[in-house]
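# Working through the structure, step by step
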Amino acid sequence: MIYRVSFPLENTYVNVREGTTVLDAEIAADLRPDAPCGGLGICGKCRVEIIAEDGTRKSVLACETKVTRDLTVYVDSDEDHRILTEGSGTVSELSPAVRSVPLTVEKATLDSPSSGWERLKKAVFKACGTELKPDPLMADGLEKTLDLLRYTPQAVLYHDELLALRECGRMLSAAVDIGTTTIVLYLLDQETGEVLATESMLNPQTEFGADVISRADYAVKHTPEALARAVRGAVNELLRKALDTAGAAKDDLFSVVIVGNTCMHHLFLGIDPRSLVLSPYVPSISEPLVLRASDYGLETHKNAKLFLLPCIAGFVGADTSAVMVSCSADQLDALTLMIDIGTNGELVLSDGSRFAACSTAAGPAFEGAKITFGMRGAEGAVDHADIKNGALTYSVIGSGKPRGICGSGLLDLTAALLRAGILDETGRFQDPDELPEESLPLAGRLQDIDGLRSFVIAEENETASGKRIYLSQKDIREVQLAKGAMAAGISLMLEHLGRKVTDIEKVLIAGAFGNYMSPKSACAIGLLPGVLLPRIEAVGNAAGTGAIMCAQSEPCFTRAREMASRTEFIELASNPAFQDRFVEELMFPEES
């Protein structure tokens, strides 16, 4: 049987077979639902409301509800996400890999009957010293093209390869940061380096899972095609918006630079990611790539080039290479810790001569995927919190009633609970009669909910959903797992390079979470060593900035390759010291 599933708020519907889940119906309707656990029924984040047979609204999990009749579904959509697009880092000189060169081509005569390609080749060499390689496809109809352009064309070149002959026109490139959660695209003027437009969106692959493991598992079970199609479609959507903003055409776009973690890199390319999730967790390909953009469905000039920065390891990808470019890691003169905390956490420790890198599963908790009322940094998220004089205070993105708590709020609240003596150093919520005197006014917020001691952030009448929002003992354990993995990774990198934590002179925090988090709270819970607090600096979307720099300057792309090849990767999963170090770091610092 075929049934109709209607989505009134989105003004759309889809016809599906009996037994299809509501989640799959949402995907079929191109609604890009949020399913952090990949539809396994674990996270509870895909909740929707359906009209029951008695006409009332019923709250259900989309992944566990099968279509057995015509359905009307109301999706709780949070459109306004806080996506970080700005970063730091600039190139000293514009030197893009794809360039436009003005030519004057001789006409053929009976006295000088050279081929069209030979005369073109001669003109290119005279203009820029490049020996043009023969290309029969570009040579087809060459004389007619030269005649139309009055033998004074602009040649668009990638090294010795001719991409186009045209009259004067704009030379544009795009830099794309494909994150697990968000995608950011920058449209650039190749001749001035100016960013003409910036566009961003949630990565539509979230409908297949919040983290790279969920998506890799889906790709292994069903082939990567759906995930590749989703992310390529998203990039094209952003390209169209950016070109429209800039008043430009796709035929002006000759270069696209893409960065992302290794799983996003593989899925964009349509590569089966099973090697990333099976020991020894290695990429299928890690080298820097120069490809034809149209071969991957990108809406650019038909001969545009697609550049992908090198990956370093299975879970340290091209985005980390871009961060290293943005932070000029190869030009450092002091030991510097670079951290990009997204859905995954990548760390690089370098003094300019040696590079150590590792990856930790620190991200999911701070992206909200494993927290009871966790959510991304969107409208309604508690983004900062504190406890003073026995009172809880917090701020909400959008200034309305809270819907949940995002990573920066989770960090602040955990630190505040520690300072107030409501949490002890083991991460256990205290009993109300164990609280310090100054925290006794908060005793009523400590409640047993679903068998777990929890701290209530907002009661039912204070929230947007009418449901109380709380932080449970399980949520605190998730924070401990995340911060323990991060702290253990830092410790083992220092040990690998034979250095001490006090040797670190600068900590550069990249990514949205790093930009909005409180460094004081990060140190208070032990995510970062407390001694580093005055040395912490947020550098914004450093991966996106690194992609921009590689689009503006081919030497930056070369530097990315060189730094990636020199990086000493530490595989924490197989490191015999990791488990002991990780367990040691699960405890919160005694003084917070």
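Summarised in this report is the structure supplied together with it. For every chain, the first residue of the written sequence is number 1, and numbering continues from 1 along that sequence. Given that this is a predicted model, residues contribute local features only at a pLDDT of at least 70 and side-chain atom pairs are listed and counted only at 80 or more, while totals for whole chains, interfaces and linings are drawn from all residues. To get the side-chain values, all heavy atoms of the structure are used, and hydrogens and water are removed first.

### Side note on the environment of Ala-543
Defined as follows: Segments assigned H or I by DSSP are reported as helices when at least four residues long, segments assigned E as strands when at least two residues long, and all are numbered from the N terminus. Note on contacts: a residue pair qualifies if any of its non-hydrogen atoms lie within 4.5 Å across the two residues.
Mapped onto the elements, Ala-543 comes out in helix H15 (residues 542-552). In this view, Ala-543 contacts Asp-177, Val-259, Asp-319, Ala-322, Val-323 and Asp-340; residues no more than four positions away in its chain are not counted.

### Observations concerning the nonpolar core
Just so we agree on the cut-off: The term nonpolar core refers to a set of buried residues drawn from Ala, Val, Leu, Ile, Met, Phe, Trp, Tyr and Cys, joined through side-chain atoms within 4.5 Å. Only protein chains enter the accessibility calculation, which uses a 1.4 Å probe; a residue is then buried when its area is under 20% of its type maximum, exposed when over 50%, and partly exposed in between.
Ile-339, Ile-422 and Phe-455 are the most contacted members of the largest nonpolar core, which has 70 residues in total. Counting residues per element, this core draws most heavily on helix H12 (residues 473-497), at eleven residues. Those residues in contact with Ile-339 that lie beyond four places of it in its chain are Glu-346, Leu-347, Met-486, Ile-490, Val-507, Leu-508, Ile-509, Ala-510 and Leu-528. Counting residues in each nonpolar core, the second largest holds 46 residues, with Met-171, Val-325, Ala-329 and Ala-543 among its members.

### Topic: empty space enclosed by the protein
To find leftover empty space, a probe the size of one water molecule is rolled over the atoms. Keep this limit in mind: Using only the protein atoms, space was sampled on a 1 Å grid; points where a 1.4 Å probe fits but cannot get out form cavities, open sets with protein on both sides within 12 Å along at least five of seven lines form pockets, and lining residues are those with an atom within 4 Å of a point. Grid points are joined across faces, edges and corners, and a volume is the space filled by probe spheres set on the points.
Going through the model one piece at a time under the given rule, you end up with four cavities of 30 Å³ or more. One number sums up the size of the second largest cavity: a volume of about 70 Å³. Lining of the second largest cavity is provided by Pro-96, Ala-97, Val-98, Gln-190, Ser-255, Val-257, Phe-307, Cys-550, Ala-551, Glu-554 and Phe-557. Breaking the lining of the second largest cavity down by element, the ones donating at least two residues are strand S12 (253-260), H15 and helix H16 (554-566).

### Overview of the side chain of Ser-521
Here is the rule we go by: Think of a polar contact as two N or O atoms within 3.5 Å of one another; within protein, one of them needs to be a possible hydrogen donor and the other a possible acceptor, and neighboring residues in sequence only count if both atoms come from side chains.
Residue position: Ser-521 is located in helix H14 (residues 519-524). With a relative accessible area of 5%, Ser-521 lands in the buried category. Side-chain polar atoms of Ser-521 contact the side chain of Asp-412, separated by 2.7 Å. Ignoring sequence-local partners within four residues, the contact set of Ser-521 consists of Leu-411, Asp-412 and Ala-415.

### Examining the pairing of strand S22 (residues 452-458)
Applicable threshold: When DSSP finds at least two bridges between two strands, those strands are taken to pair.
Among the seven residues of S22, six are classified as buried, and the element is accordingly described as predominantly covered. Sheet topology places strand S21 (residues 446-449) next to S22; four bridges connect them, and they run antiparallel. Bridging across to S22, Leu-446 finds its partner in Phe-455. Connecting the antiparallel pair S21 and S22 is a turn made up of two residues, with Asp-450 showing a positive phi of about 55 degrees. Pairing of S22 with strand S23 (residues 469-472) involves four bridges; the strand directions are antiparallel. Looking at S23, one finds that Val-456 is bridged to Tyr-470.

### Considerations on the sheet that holds strand S5 (residues 71-75)
The strands that make up a sheet are held in pairs by hydrogen bonds between backbone atoms, and each pair lies either parallel or antiparallel. Our working rule: Under this scheme, a helix contributes an axis fitted over its contacting stretch, all axes are lines through C-alpha atoms, and angles between N-to-C directions fall in the 0 to 180 degree range.
Taken together, the five strands give an open sheet; going across it, the order is S2-S1-S5-S3-S4, and neighbouring strands pair in mixed fashion. Two strands lie at the open edges of the sheet, namely strand S2 (12-17) and strand S4 (57-61), each paired on one side alone. Across the sheet, the mean angle separating the axes of adjacent strands is 35 degrees when strand polarity is ignored. Pairing geometry for strand S3 (residues 47-51) and S5, over three bridges, is antiparallel.

### Quick word on the sheet that holds strand S8 (residues 161-166)
Spatial strand order, S6-S7-S8: three strands in an open sheet with antiparallel pairing. The two strands at the open ends of the sheet, each matched to only one other strand, are strand S6 (98-102) and S8. Taking each pair of neighbouring strands and ignoring which way they run, the sheet shows an average axis angle of 25 degrees. The pairing of strand S7 (residues 154-158) with S8 spans five bridges and is antiparallel.

### Let's talk about the state of the cysteines
To be explicit about the condition: The disulfide definition used here is simple: a pair of cysteine sulfur atoms within 2.5 Å.
Summed over the entire model, instances satisfying the criterion amount to zero disulfides. Distance from the sulfur of Cys-63, which forms no disulfide, to the nearest cysteine sulfur (Cys-46) is 3.7 Å. By relative accessible area, which is 11% here, Cys-63 ends up buried. We note that Cys-168 lacks a disulfide partner, and the nearest cysteine sulfur, in Cys-128, lies 18 Å from it.

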